2 protein chains.
Amino acid sequence: MSTIRDVARIAAVSTATVSRVINSPEVVSPETRNRVAKAMKACRYQYNALARGFVTQQSYTLGLIVPSITNPIFAESIRGVQDFAHREGYQALLGNSDYEYAKEARLCEVLRERQVEGLIITTTKLRGKVLRDLLDDHFPLVLLYSTVRKGPISAVGVDNFRGGYSATEHLIHLGHRRIAMLAGRFSFSDKSLHRWHGYKKCLRDHRIPYDPALVLQTQYALENGREGIKALLALEQPPTAVFCSNDFMAIGAMQGAREVGVALPEGLSIVGFDDMAIASYINPGLTTIRQPAYEMGRLGAEILLSQIKRRDGRPIHKILETGIVVRESTAGLTVCEPKRNSSLTSGKHV
Amino acid sequence: MSTIRDVARIAAVSTATVSRVINSPEVVSPETRNRVAKAMKACRYQYNALARGFVTQQSYTLGLIVPSITNPIFAESIRGVQDFAHREGYQALLGNSDYEYAKEARLCEVLRERQVEGLIITTTKLRGKVLRDLLDDHFPLVLLYSTVRKGPISAVGVDNFRGGYSATEHLIHLGHRRIAMLAGRFSFSDKSLHRWHGYKKCLRDHRIPYDPALVLQTQYALENGREGIKALLALEQPPTAVFCSNDFMAIGAMQGAREVGVALPEGLSIVGFDDMAIASYINPGLTTIRQPAYEMGRLGAEILLSQIKRRDGRPIHKILETGIVVRESTAGLTVCEPKRNSSLTSGKHV
DNA sequence: CATTTCCATGTAAATGTTTACATTTTTTTA
DNA sequence: TAAAAAAATGTAAACATTTACATGGAAATG
């Protein structure tokens, strides 16, 4: 691979001049500029951005850690981050934590070794060594899908409490009283915890007793929704509606309900969280709480880059709006409950 | 940020020794090793992997370009690439081409400037300047979701022809004769082209006349499937079955069919391609051609890294197996066709 | 015409590691 | 115990750029 030196030799100028035609061509005379351009072609010169980063002490790289790249909601956020970052000349090194704190920690380490200028993390543990170390070093950092609204770390997220509240309220307005929740594990996901708080508060506001048996903590995948709903429907007093911590769980729950013969939405109303693109394409269409995933990523990148530029800035916290999207997976409580229950216990349905 | 030099000074050794305790600790005496370790702690030393890459001329980074990160099938492949790459100490810089050749070209450029040691690309244009340049420079390169089985570029993919053939054959065996295809645009996607060839060949083998009116080229997203199927169902002689170039289109087609009142699967059988995780969770479950997406990514990374290690190696081509996964979105031709048609033209259905 | 200003270019140091080679110290061998 | 071998450490150059500063010549100014 040829270097700036080769180009300089061929064009009979100094390396400084070559560097100048690359970085500020207007400052070098047209003739030399031309000569250098030709020399570059002649030796198939390839610019080395790493070497530049090495001397300018800027890698123009940022790190991005999400729990699961296979979840389209995070994929959208990744797009948001990349779109903004690319426009500013930055690239992103992407990592999956798989909702595991150890992987998150390891990723932080290798990304920092690679001199990322900042990190965007959807963290699995808000009070862990990872974030503390980053903070101690005043390392530019933005939390995504965050629940924090103040404190030293910049963060962008949505109002999960309110999202949980709206979801539950929607179900209550439809006449439901026995409302279950399929929640992500609170220990990995403070988001899920906040949604649960919203759910509980809404029940209380409507004088519906909270029944812990109706709340199941599991993981965020399709199969967890499927198994979770089966467990709930097998209860002595099964729910007539369920609020799921994300759309995967909700879609899993739909399938699980179908498998035990519960008709949707008559036999069970389901609300999800996220509003992934596919939510309006499944049958019945999924009622869900919309999160502006792309926008969250974009904004996260914007905040991070501003933070990188002026490292003394105050932390920024942004809470984006969610909204309930009502589709066909939720319906009023019409069917006679006892009947459904008795048929459920018999284990066969139509 | 403190450097190896600071550590050396504190531990009263040379920088070479510090480097040695980092890279081959066994070669330095336990006492010095200890002293150096302490010094590192003392000045909060952070290893700079970029500086190392600079001197060793290895970035331990590879570039990965996919058409759409929001498609879970590609997300799975990304995971496959990352899992293998990380194990070998590599990181991946990820880029989205959005199925646009210009973006693909631009990404190649910036990734090469960043000294990625190799590229894994799901290309949108097999015979373009991008790949030619890469090839001319003997740049380590692996094509993913590739249709090529020979030639100078390493590639891993599936047998798209056969996939298209199986999908069509399945529909024919169910009794369908009017089988449409919702295809990705052949100009961006040679995969789609090959699937179409499989589809045509299968029709011919079963003496079913090929009707170009039943083949629609569109993009790969949900809404394209939805609109596409509506166009097809509005034909004078609508299809009774449709083979879609990916699962998004198929799921979109389901929704589109529902919207014009066609019952699934009785009124229309649908076959997808990919077998994304959600395919077995929707209703009806999607019959589709399975692609080993994760494995493809993993294998691509493996081939690329082997290529990086010995750059003289012969190109490697791997064709992975697909298989049809039969679910509920396809059914035998039972309903009387004319009846459905007449009701279709009236525009209202149950 | 002498001085100042400006423009274009060159010089050389700096960035944080690794590593071939050299040197010193310790251990083994005869 | 001297010589040889092995182990531990040091020296310094190299990697591809950028950039502060220097330099020389041309244009502008008095």
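Thresholds applied
Residues numbered from 1 in each chain as written. Chains lettered and ligands numbered in written order. Predicted model: local features only at pLDDT ≥ 70, side-chain atom pairs only at ≥ 80, totals over all residues. Heavy atoms only, no water. Patch = residues over 30% accessible without salt bridge, like charges linked within 9 Å, V, L, I, M, F, W, Y side chains within 5 Å. Areas by Shrake-Rupley, 256 points an atom, 1.4 Å probe, with all protein chains shown as cover. Salt bridge = Lys/Arg side-chain N within 4 Å of Asp/Glu carboxyl O. Helix = DSSP H or I, 4+ residues; strand = E, 2+ residues; numbered from the N terminus. Buried < 20%, exposed > 50% of the residue type's maximum accessible area, 1.4 Å probe, protein only. Expected span 1.5 Å × (residues − 1). Polar contact = N/O pair within 3.5 Å; in protein donor to acceptor, adjacent residues only side chain to side chain. Axes fitted to C-alpha atoms, helices over the stretch in contact; angles between N-to-C directions. Parallel < 35°, antiparallel > 145°, perpendicular 65-115°, else oblique. Left-handed = near helix turned anticlockwise from the far one by under 90°. Contact = heavy atoms within 4.5 Å. Nonpolar A, V, L, I, M, F, W, Y, C, P; charged D, E, K, R; others polar. Least-squares fit on C-alpha atoms with pLDDT ≥ 70 in both. Core = buried A, V, L, I, M, F, W, Y, C linked by side-chain atoms within 4.5 Å. Pairing = 2+ DSSP bridges. Near = heavy atom within 4 Å.

Q: Hey, could you run me through a nonpolar patch on the surface in this one?
A: On the surface, a nonpolar cluster with roughly 390 Å² of combined accessible area is contributed by Phe54(A), Val55(A), Phe54(B) and Val55(B). In this fold, Val55(A) is placed in helix α4 (residues 49-56). Among the residues examined, Val55(A) registers a relative accessible area of 65% and is labelled exposed.

Q: Help me out: how do you make sense of helix α11 (residues 247-259) of chain A in this one?
A: Along an α-helix, residues three or four apart share an orientation, since each turn contains 3.6 residues. Residues and elements named next belong to chain A. Taking 1.5 Å of rise per residue, 13 residues should cover 18 Å, and α11 covers 18 Å from first to last C-alpha, within 8% of that figure. For α11, the tally of buried residues reaches 11 of 13 residues, placing the bulk of the element in the interior. Buried within α11 we find Asp 247, Phe 248, Met 249, Ala 250, Ile 251, Gly 252, Ala 253, Met 254, Gln 255, Gly 256 and Ala 257. N-cap assignment for α11: the residue whose side-chain oxygen lies 3.2 Å from the backbone N of Phe 248 is Asn 246. Gly 261 sits one or two positions beyond α11 and adopts a positive phi of about 85°.

Q: Got a minute to help me understand the packing of helix α8 (residues 160-173) of chain B against helix α9 (residues 190-205) of chain B in this structure?
A: Residues and elements named next belong to chain B. With their axes 7 Å apart at the nearest point, α8 and α9 run at an angle of 40° to one another. As judged from the angle between their axes, α8 and α9 are oblique. For the pair α8 and α9, the crossing hand works out as right-handed. Residues Asn 160, Phe 161, Gly 164, Tyr 165, Thr 168, Glu 169 and Ile 172 of α8 touch α9, and the partners they reach there are Lys 191, His 194, Arg 195, His 197, Gly 198, Tyr 199, Lys 201, Cys 202, Leu 203 and Asp 205. In the contact of α8 with α9, the residues fall into 6 nonpolar, 6 polar and 5 charged.

Q: Got a minute to help me understand the relation of the copies chain A and chain B in this structure?
A: Mapping between the two copies of the chain is achieved by a rotation about an axis and a shift along the axis. The transformation that overlays chain A on chain B combines an axial shift of 0.0 Å with a rotation of 180°, and the residual RMSD is 0.1 Å. Interpreted geometrically, this transformation is the action of a two-fold axis. Minimal C-alpha separation from the rotation axis in chain A is found for Leu93(A), amounting to 2.6 Å. A share of 100% of interface residues in chain A that are also interface residues in chain B marks the association as one of identical surfaces.

Q: For this particular structure, what's the right way to read the nonpolar core?
A: For soluble globular proteins, nonpolar side chains are generally found buried alongside one another. Counting residues in hydrophobic clusters, the biggest one holds 92 residues, and the most contacted among them are Ile270(A), Ile278(A), Ile270(B) and Ile278(B). When near neighbours in sequence (up to four residues on either side) are disregarded, Ile278(A) contacts Ile251(A), Leu222(B), Phe248(B), Ile251(B), Met276(B) and Ile278(B). One finds Ile69(A), Ala92(A), Met296(A) and Val158(B) within the second-largest nonpolar core, a separate group that totals 58 residues.

Q: Help me out: how do you make sense of the sheet that holds strand β12 (residues 323-325) of chain B in this one?
A: Sheet strands pair by backbone hydrogen bonding; their relative direction is either parallel or antiparallel. Residues and elements named next belong to chain B. The strand order across the open sheet built from 6 strands is β7-β6-β8-β9-β10-β12, with neighbouring strands paired in mixed fashion. One side of each edge strand has no neighbouring strand; the edge strands of this open sheet are β7 (215-218) and β12. Neighbour-to-neighbour, the strand axes of the sheet open up by a mean angle of 20°, direction not taken into account. Bridging between strand β9 (residues 269-274) and strand β10 (residues 287-290) involves 4 bridges; their strand directions are parallel. Note on β10: the bridge partner recorded for Val 271 is Thr 287. Relative to strand β6 (residues 179-184), α9 is tilted by about 165°, and along the sheet it contacts β6, β7, β8 (241-244) and β9.

Q: How should I be thinking about the pattern of salt bridges in this particular structure?
A: When the charged atoms of two side chains lie near each other, side chains of opposite charge can form a pair. Following the criterion strictly, the structure yields 32 salt bridges over all chains and no others. Ionic pairing is found between Arg9(A) and Asp6(A), a salt bridge with its closest N-O pair at 3.1 Å. With Arg9(A) and Asp6(A) both in helix α1 (residues 4-11) and 3 residues apart, this pair spans about one turn of that helix. Asp6(A) gets classed as partly exposed once you look at its relative accessible area, which sits at 23%. Counted as one network, the salt bridges with shared partners bring together Arg44(A), Arg112(B) and Asp137(B).

Q: Explain helix α8 (residues 160-173) of chain A here, please?
A: In this model, α8(A) (14 residues) spans 20 Å end to end at C-alpha, consistent with the 20 Å of a helix rising 1.5 Å per residue. Those residues of α8(A) that fall on the buried side of the exposure criterion are Asn160(A), Gly163(A), Gly164(A), Tyr165(A), Ala167(A), Thr168(A), His170(A), Leu171(A) and Ile172(A).

Q: Please clarify how the packing of helix α5 (residues 72-87) of chain B against helix α12 (residues 293-309) of chain B should be interpreted in this entry.
A: Two quantities define a packed helix pair, namely the angle between the axes and the distance from one axis to the other. Residues and elements named next belong to chain B. Running from amino to carboxyl end, α5 crosses α12 at an angle of 40°, the nearest separation of the two axes being 6 Å. When the interaxial angle is binned, α5 and α12 end up oblique. Judged by the sense of rotation from one axis to the other, the crossing of α5 with α12 is right-handed. For the pair formed by α5 and α12, the contact residues are Ile 73, Glu 76, Ser 77, Arg 79, Gly 80, Val 81, Asp 83, Phe 84 and Ala 85 on the first element and Ala 293, Tyr 294, Gly 297, Arg 298, Ala 301, Glu 302 and Leu 305 on the second. Classifying every residue of the contact of α5 with α12 by side-chain character gives 8 nonpolar, 3 polar and 5 charged.

Q: Is there a simple way to explain the protein's contact with DNA strand D in this structure?
A: Inspection of the region around DNA strand D gives 29 residues, with Ser19(A), Tyr45(A), Thr17(B), Arg20(B) and Thr32(B) positioned closest. Backbone atoms, meaning sugar plus phosphate, form 61% of the atoms of DNA strand D positioned within 4 Å of the protein. Residue assignment for the surface near DNA strand D shows that the elements contributing at least two residues are α1, α2 (15-23) and α4 of chain A together with α2 (15-23) and α4 (49-56) of chain B. When grouped by side-chain class, the residues that make up the surface near DNA strand D number 13 nonpolar, 13 polar and 3 charged.

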